[in-house]
Amino acid sequence: MKGIVFTEFLEMVEEKFSYEVVDYIIESSELKSKGIYTSVGTYEYDEMLQLVTNLSKKTNSEVPFLLKTFGKYIFSTFHKSYPAFFNRCGDAFTFLESIDKHIHVEVKKLYDDARLPVFQTTRIDDSNFEMIYTSERKMSDFAEGLIEESMSYYKTDFSMNKVMLKPDGSQVKFMITQK
Ligand code: HEM
């Protein structure tokens, strides 16, 4: 997993909780990196799992809630770092389609070792959109936070339903209705 995900995660923990909590989750995890991350480095996905699990224990918050909160948090970082990806799309559904077709393709060119999810998108009609998330990292809650922020960014009122297509969370369908 790319370092930017770790540096942003720890920044969020410091902002929403405290530096003490950052220190605690690093100390209570067994990290090959020792908790020292650079944004362009690559680290084991297991380190993220340990950090989130320990944050969950420390703060009495559920892991899915923390991952969704993190997805919402990282949206603004992506927006600041890569404004062009947003400017080229005029509406939320076009933007969501562009993640798999364009954004993550560019991310992969930039970082060959990035491990990205697959999104299959379908426009049902003008106001209904489906997006199937597939990834062995099972981070659909993180995706949910990013999708919600994307809808808000394009000032689109919406409702969203989530269906587990695989019980382990490696494939999840998001059904989004624009109001
Ligand atoms: C400009 C916008 C975006 C950029 C630059 C970007 C970039 C990245 C990067 C660098 C990673 C980490 C890859 C790794 O650790 O190896 C990642 C992971 C991920 N991205 Fe994006 N992303 C963007 C937008 C989105 C959006 C809007 C979604 C919403 C669904 C999304 C969903 C995900 C998910 C779920 C992962 C976690 C990996 C997994 O589940 O397999 N991304 N993205």
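What counts, and at which threshold
- Residues numbered from 1 in each chain as written.
- Predicted model: local features only at pLDDT ≥ 70, side-chain atom pairs only at ≥ 80, totals over all residues.
- Heavy atoms only, no water.
- Domains from an automatic or database assignment.
- Contact = heavy atoms within 4.5 Å.
- Buried area = accessible area lost by both parts, 1.4 Å probe.
- Polar contact = N/O pair within 3.5 Å; in protein donor to acceptor, adjacent residues only side chain to side chain.
- Helix = DSSP H or I, 4+ residues; strand = E, 2+ residues; numbered from the N terminus.
- Nonpolar A, V, L, I, M, F, W, Y, C, P; charged D, E, K, R; others polar.
- Pairing = 2+ DSSP bridges.
- Axes fitted to C-alpha atoms, helices over the stretch in contact; angles between N-to-C directions.
- Core = buried A, V, L, I, M, F, W, Y, C linked by side-chain atoms within 4.5 Å.
- Buried < 20%, exposed > 50% of the residue type's maximum accessible area, 1.4 Å probe, protein only.
- Donors = N, O, S within 2.8 Å, 3.2 Å for Na, K, Ca; no water.
- Near = heavy atom within 4 Å.
- Salt bridge = Lys/Arg side-chain N within 4 Å of Asp/Glu carboxyl O.

Draft legend 1. Broad picture of the domain arrangement of the protein. Per the domain assignment, the segments of the protein are domain 1 (3-61) and domain 2 (69-178). On a C-alpha basis, the centres of domain 1 and domain 2 stand 23 Å from each other. The interface is formed by 10 residues belonging to domain 1 together with nine residues belonging to domain 2. It is Glu8, Met12 and Tyr45 in domain 1 that bury the most area against domain 2; as a group they hold 44% of the surface buried on that side. At the junction of domain 1 and domain 2, the tally comes to five residue pairs in polar contact (both at pLDDT 80 or more). Per-element accounting of the side of domain 1 that touches domain 2 gives the leading share, seven residues, to helix 1 (residues 3-16). Within the side of domain 1 that touches domain 2, the residues separate by chemical class into five nonpolar, one polar and four charged.

Draft legend 2. Region of the structure containing the sheet that holds strand 1 (residues 118-125). Spatially, four strands are ordered 1-2-4-3 in an open sheet, and the strand pairing comes out antiparallel. The open sheet terminates on both sides in strands that have one partner only, identified here as strand 1 and strand 3 (158-164). Neighbour to neighbour, the strand axes of the sheet diverge by 20° on average, direction disregarded. Taken together, the seven bridges between strand 1 and strand 2 (residues 128-134) define a ladder with antiparallel strand orientation. Bridging from a neighbouring strand, Thr121 pairs with Met131 of strand 2. Helix 6 (residues 92-110) rests against strand 1, strand 2 and strand 4 (171-178) of the sheet, and its axis sits at about 150° to strand 1. Contacting strand 1, strand 2, strand 3 and strand 4, helix 7 (residues 140-153) runs over the sheet at an angle of about 165° to strand 3.

Draft legend 3. Focus on the nonpolar core. By size, the foremost hydrophobic cluster in this structure holds 53 residues, and its most contacted members are Phe9 and Leu96. Of the residues that make up this core, three or more belong to each of domain 1 (3-61) and domain 2 (69-178).

Draft legend 4. Representation of the side chain of Ser61 within the structure. Counting through the fold element by element, Ser61 comes out in the loop between helix 3 (45-59) and helix 4 (63-81). For Ser61, the side chain forms a polar contact with the side chain of Thr59, separated by 3.1 Å.

Draft legend 5. The arrangement of the coordination of the iron atom of the ligand in detail. Coordination of the iron atom of the ligand by the protein involves just one donor, His104 (NE2), at a distance of 2.1 Å. Here His104 shows up in helix 6.

Draft legend 6. Seen up close, the site of the ligand. In the vicinity of the ligand lie 26 residues, with Lys2, His104, Arg115, Tyr133 and Ser135 positioned nearest. Between the ligand and the protein, one listed contact pairs an oxygen atom with a backbone N or O atom of Pro117 at 3.5 Å. Take Arg137: an N or O atom from its side chain is 2.8 Å from an oxygen atom of the ligand. At the level of secondary structure, the elements contributing two or more residues to the shell around the ligand comprise helix 5 (83-87), helix 6 and helix 7.

Draft legend 7. Spatial organisation of the pattern of salt bridges. This model, assessed by the stated rule, comprises 13 salt bridges. We note a salt bridge from Lys2 to Asp113, for which the minimum N-O separation is 3.1 Å. Here the residue Lys2 occupies a position in the segment before helix 1, and Asp113 occupies one in the loop between helix 6 and strand 1, the gap between them amounting to 111 residues. Residue classification places Asp113 among the partly exposed residues on the basis of a relative accessible area of 38%. For Lys68, the salt bridge identified is with Glu148, shortest N-O distance 2.9 Å. Of this pair, Lys68 sits in helix 4 while Glu148 sits in helix 7, placing them 80 residues apart in sequence. Classification of Lys68 as partly exposed rests on a relative accessible area of 22%. The class of Glu148 is buried, set by a relative accessible area of 16%. One network of salt bridges, in which partners are shared, links Lys68, Lys72, Asp141, Glu144, Glu148, Glu149 and Lys162.

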